[in-house]
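# Analysis of the macromolecular model
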Amino acid sequence: HHLSDDEVRNLFNSLKAVKPRQYFVVDVALEKGHFVLEFFRRLDRGRHYRTRDAQRALLESCGCKIEWVNHYWSHSRIYPHSVILATVPGGGEP
């Protein structure tokens, strides 16, 4: 939620040259949550909150293959998080 869509695409494009090729992406999801969530969200420096579906679509638009998706709430039940295992295609490798 701190990176714009273009910054995420640039990051995953750069990862094509790096091994390992699988990455866990964990981020706060823009979902309905505790009323305090909106207060804390305004205090956070991140300005690119995305729903879980939008997070997944963004990774797929980077060429990533989504291997696994899950989510959880923080212990306080204020912050919903997405957990995505994504495989980044390699540069010229199968």
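You'll find the structure just up there.
Let me sum up the structure you'll find in this document. (Residues numbered from 1 in each chain as written. Predicted model: local features only at pLDDT ≥ 70, side-chain atom pairs only at ≥ 80, totals over all residues. Heavy atoms only, no water.)

### Details of the overall build of the chain
Rules: Numbering of helices and strands starts at the N terminus; helices are DSSP runs of H or I of at least 4 residues and strands are runs of E of at least 2. When accessible area is computed with a 1.4 Å probe and restricted to protein chains, residues below 20% of their type maximum are described as buried, those above 50% as exposed, and intermediate ones as partly exposed. Throughout, a contact is declared for two residues whenever any of their heavy atoms are within 4.5 Å. Each accessible area value is a Shrake-Rupley result obtained with a 1.4 Å probe; residue values ignore everything except the protein chains displayed when judging cover.
In terms of helices and strands, the chain carries three helices and three strands. For the chain, the succession of helices and strands along the chain, N to C, is α-β-α-α-β-β. C-alpha atoms of the chain, sized along the principal axes, occupy 45 × 25 × 20 Å. The proportion of buried residues among the 94 residues of the chain is 35%. Considering only contacts within the chain whose residues lie at least 6 apart along the sequence, 64% involve residues at least 24 apart. Approximately 6,200 Å² of the chain is accessible, and the part contributed by carbon and sulfur atoms is 56%.

### Observations concerning the sheet that holds strand β3 (residues 80-87)
Here is the rule we go by: Any two strands with at least two DSSP-identified bridges between them are counted as paired. Every axis corresponds to a line fitted to the C-alpha atoms, with the helix fit spanning only the stretch in contact, and the corresponding angles, defined between N-to-C directions, vary from 0 to 180 degrees.
Pairing is antiparallel across the open sheet formed by three strands, whose spatial order is β1-β3-β2. Only two strands of the sheet have a single partner each, and these edge strands are β1 (22-28) and β2 (65-73). This sheet shows a mean twist of 15° between the axes of neighbouring strands, independent of strand direction.

### Concerning the side chain of D27
Convention followed: Charge counting treats Lys and Arg as positive and Asp and Glu as negative, with His and both chain ends excluded. Any carboxyl oxygen of Asp or Glu that lies within 4 Å of a side-chain nitrogen of Lys or Arg is treated as forming a salt bridge with it.
Considering the arrangement of structural elements, one finds D27 in strand β1. The side chain of D27 sits in the buried core without any salt bridge; R50 is the nearest counter-charge, 4.6 Å away. Once residues lying within four places of it in the same chain are set aside, the contact partners of D27 are H1, Q55, P80, H81 and S82.

### Structural notes on unusual backbone geometry
A cis amide bond links K19 to the next residue, P20, at an omega of 5°. Within the secondary structure, P20 sits in the loop between α1 (5-14) and β1.

### Brief notes about helix α2 (residues 35-43)
The cut-off we apply is this: This arc corresponds to the set of directions leading from the helix axis out to the C-beta atoms.
Residues V36, L37 and R41 constitute the buried set of α2. Projected onto a plane normal to the axis of α2, the buried residues spread over an arc of 140° and lie on a single side. The exposed set on the far side of α2, more than 90 degrees from its buried face, consists of F35, R42 and L43. Residues of α2 that are buried sit in contact with β3.

### Some thoughts on the pattern of salt bridges
Applying the stated criterion across every chain yields a total of three salt bridges. The shortest N-O distance in the salt bridge between R9 and D6 comes to 3.4 Å. Of the two residues, R9 and D6 both sit in helix α1, three residues apart, roughly one turn of that helix. The class of R9 is partly exposed, set by a relative accessible area of 33%. A relative accessible area of 52% means that D6 is categorised as exposed. Close ionic contact of R56 with E60 constitutes a salt bridge, the shortest N to O distance being 3.4 Å. You can see R56 and its partner E60 sitting in helix α3 (residues 52-61), four residues apart, about one turn around the helix.

Function-wise, these values are silent; they only describe arrangement.
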